[in-house]
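Residue strings, one per chain:
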Amino acid sequence: MSAVANPATVAECLRVGAGFSQGDRNWIAEQFGTLDARLASFHADATELEVSVKDREARGQKVTLECWIAGRQKIVTTSAEEDLHAALNDVRDDLRRKLNDAKTRQEPRHNKHLRDVPQPQIDTDEPENPALRADEETA
């Protein structure tokens, strides 16, 4: 894996959308801090996160976390947890899981290093087919 010159972090890439104020941003960034390790393999300039909440602190609130990474499909996670803290943790964990799944899908199915492992050599002095061996013995 190549090192990224300017790795993405939640603090750098997070925007707060509807239902949150700029004052909530630092608190949310702390909650999402565990995503930093997962986001570090992407460039900060090409990564955006946006969190929003509909009907905040009301029955039926919905928290949405959207992630845009250049060259990949947008990832959207949602939670209908009634507790805002639990809903934020839910969307954070779901995003981490989806990022891991997306990375696994993009990795090649056949690892070249496994193909480069030398295979055991077959002794070429003896034929593998017993019928051929019998023909050679009678000749």
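Above this text sits the structure in question.
Residues numbered from 1 in each chain as written. Predicted model: local features only at pLDDT ≥ 70, side-chain atom pairs only at ≥ 80, totals over all residues. Heavy atoms only, no water.

What about the pairing of strand β2 (residues 47–54)?
Put simply, the test is: Two strands make a pair as long as DSSP finds a minimum of two bridges between them. Starting at the N terminus, helices and strands are each numbered in turn, a helix being any DSSP run of H or I of at least four residues and a strand any DSSP run of E of at least two.
Taken together, the 3 bridges between strand β1 (residues 14–16) and β2 define a ladder with parallel strand orientation. Among the inter-strand pairings, Val16 is bridged to a residue of β2, identified as Val51. Of the strand pairs in this sheet, β2 and strand β3 (residues 62–69) are connected by 8 bridges, and their pairing is antiparallel. Across the sheet, residue Glu48 finds its bridge partner in β3, namely Trp68.

Some remarks on the pattern of salt bridges
Note the cut-off: Within this document, salt bridges are pairs made up of a side-chain nitrogen of Lys or Arg and a carboxyl oxygen of Asp or Glu, the two lying within 4 Å of each other. Each residue is assigned to one of three classes by its accessible area relative to the maximum for its type, calculated with a 1.4 Å probe on protein chains only: buried under 20%, partly exposed between the two thresholds, exposed over 50%.
Counted under the stated rule, the structure contains 8 salt bridges. Here Asp93 ties to Arg92 by a salt bridge, and the two come within 3.0 Å at their closest N and O atoms. For Arg92, a relative accessible area of 14% gives the class buried. As a salt-bridge pair, Asp93 and Arg96 come within 3.4 Å of each other at their nearest N and O atoms. Note that Asp93 and Arg96 are positioned in helix α4 (residues 84–106) at a spacing of 3 residues, about one turn of the helix. Its relative accessible area of 24% is what places Arg96 among the partly exposed residues.

Quick word on the environment of Arg25
Just so we agree on the cut-off: Here a residue-residue contact requires only that any non-hydrogen atoms of the pair lie within 4.5 Å. Two N or O atoms form a polar contact when they lie within 3.5 Å of each other; inside protein one atom must be a possible hydrogen donor and the other a possible acceptor, and for residues adjacent in sequence the pair counts only when both atoms belong to side chains.
With respect to the helices and strands, the residue Arg25 is situated in helix α2 (residues 22–31). Sequence separation between Arg25 and Val51 is 26 residues, and the spatial gap between their C-alpha atoms is 9.3 Å. For Arg25, the residues in contact, after removing those within four places along its chain, are Val10, Ala11, Glu12, Leu14 and Val16. A distance of 2.5 Å separates a polar atom in the side chain of Arg25 from the backbone oxygen of Ala11.

Things to note about unusual backbone geometry
Most peptide bonds take the trans configuration, and most residues that are not glycine carry a negative phi. Phi at Asp55 is positive, roughly 60°, even though this residue is not glycine. The residue Asp55 is located in the loop between β2 and β3 in this model. Overall, Asp55 belongs to the partly exposed group, its relative accessible area being 47%.

Considering the sheet that holds β1
Worth spelling out the cut-off: For helices, the fitted axis covers only the stretch in contact; all axes are lines through C-alpha atoms, and the angles between them, taken along N-to-C directions, range from 0 to 180 degrees.
Reading across from one edge, β1-β2-β3-β4 is the order of the 4 strands in this open sheet, with mixed pairing throughout. Unpaired on one side and paired on the other, β1 and β4 (75–79) mark the two borders of the sheet. Between one strand axis and the next, the sheet turns through 15° on average, direction left out of account. In this structure, β3 lies alongside β4, joined through 5 bridges in antiparallel fashion. What sits directly across from Cys67, in β4, is Ile75. The sheet strands contacting α2 are β1 and β2, and the helix crosses β1 at an angle near 140°.

Comments concerning the state of the cysteines
In plain terms, the rule: Throughout, a disulfide means two cysteine sulfur atoms within 2.5 Å of one another.
Taken as a whole and judged by the stated rule, the model has 0 disulfides. Cys67 supplies the cysteine sulfur nearest to Cys13, a cysteine that is in no disulfide, at a spacing of 8.4 Å. For Cys13, a relative accessible area of 5% gives the class buried.

Some remarks on the side chain of Asn89
Tracing the chain through its elements places Asn89 in helix α4. Looking at Asn89, its side chain comes within polar contact range of the side chain of Arg92, at 3.2 Å.

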